[in-house]
Amino acid sequence: MGVKPRWLDRRIGREGPYLTLCTSEAEYNAVAHRLGVATTGWLNPHAHATMHSFYGPKGLCCIVCLGDTSQLTGVEIAGLLIHEAVHVWQHWCDDIGETHPGAEQEAYGVQAIAQELMAEYARRIEHGH
């Protein structure tokens, strides 16, 4: 199965959602099983990446799933992770009842989430995925 997924840093301002990156359907199913939630398709049809949110015992959990990236450039992969970071941000705001975050708060939040996802992706590539 390769490198085991791990939960990433939750900083967004106040403690954010639990966040992890899965690069295979088996990883996604294993994480969902540990959370005790039923899985839905790990990737949306025709998508290279999908974000799933669930409520675990400790609150909001966001699982970013990234499919086969072998035909994508580094810039395209970064773009996918940033796109999913925005969805994580949106779900976290909904979860805490934030309807009008400040523009700078939103930018820092998305940046922090995207950096965590990119750092985790880089760690996985470094360790042979």
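Quick caveat, the model's predicted, so the values are computed rather than measured.

Can you help me understand the confidence of the model for the chain in this one?
Averaged over all residues, the pLDDT of the chain is 90; the fraction at 70 or higher stands at 95%. Ranking the elements of the chain by mean pLDDT puts strand S1 (residues 7-8) last, at 84, and helix H2 (residues 74-96) first, at 96.

Looking at this structure, how should I read helix H3 (residues 103-126)?
Structural remark: α-helix, 3.6 residues per turn; residues separated by three or four positions point the same way. With 24 residues, H3 ought to run about 34 Å at 1.5 Å a step, and its terminal C-alpha atoms sit 34 Å apart, in line with that. The complete set of buried residues in H3 reads Gly-109, Val-110, Ala-112, Ile-113, Ala-114, Glu-116, Leu-117, Glu-120, Tyr-121, Arg-123 and Arg-124.

Mind showing me how you'd approach helix H1 (residues 25-35) here?
Those residues of H1 lying buried are Glu-27, Tyr-28, Val-31, Ala-32 and Leu-35. Projected down its long axis, H1 shows its buried positions confined to an angular sector of 130°, all on one face. The elements touched by buried residues of H1 are S1, strand S2 (18-22), strand S3 (49-56), strand S4 (59-66) and H3. Once H1 finishes, Gly-36 follows within two positions and takes phi at roughly 75°, a positive value.

Sorry if this is basic, but what is going on with the pattern of salt bridges here?
As a working rule, side chains carrying opposite charge can pair if their charged atoms are close by. For the coordinates displayed, the defined rule picks out four salt bridges. Note that Glu-27 and Arg-124 form a salt bridge whose closest N and O atoms lie 2.8 Å from each other. With a gap of 97 residues between them, Glu-27 in helix H1 and Arg-124 in helix H3 connect regions that are remote in the sequence. Classification of Arg-124 as buried rests on a relative accessible area of 0%. Between Arg-123 and Glu-120 there is a salt bridge; the shortest N-O distance is 2.7 Å. Pair noted here: Arg-123 and Glu-120 are both in helix H3, with a separation of three residues, about one helical turn. For the pair Arg-123 and Glu-120, a shared accessibility class is recorded, and that class is buried.

Analysis parameters
Residues numbered from 1 in each chain as written. Predicted model: local features only at pLDDT ≥ 70, side-chain atom pairs only at ≥ 80, totals over all residues. Heavy atoms only, no water. pLDDT = per-residue confidence, 0-100. Helix = DSSP H or I, 4+ residues; strand = E, 2+ residues; numbered from the N terminus. Expected span 1.5 Å × (residues − 1). Buried < 20%, exposed > 50% of the residue type's maximum accessible area, 1.4 Å probe, protein only. Arc of directions from axis to C-beta. Contact = heavy atoms within 4.5 Å. Salt bridge = Lys/Arg side-chain N within 4 Å of Asp/Glu carboxyl O.

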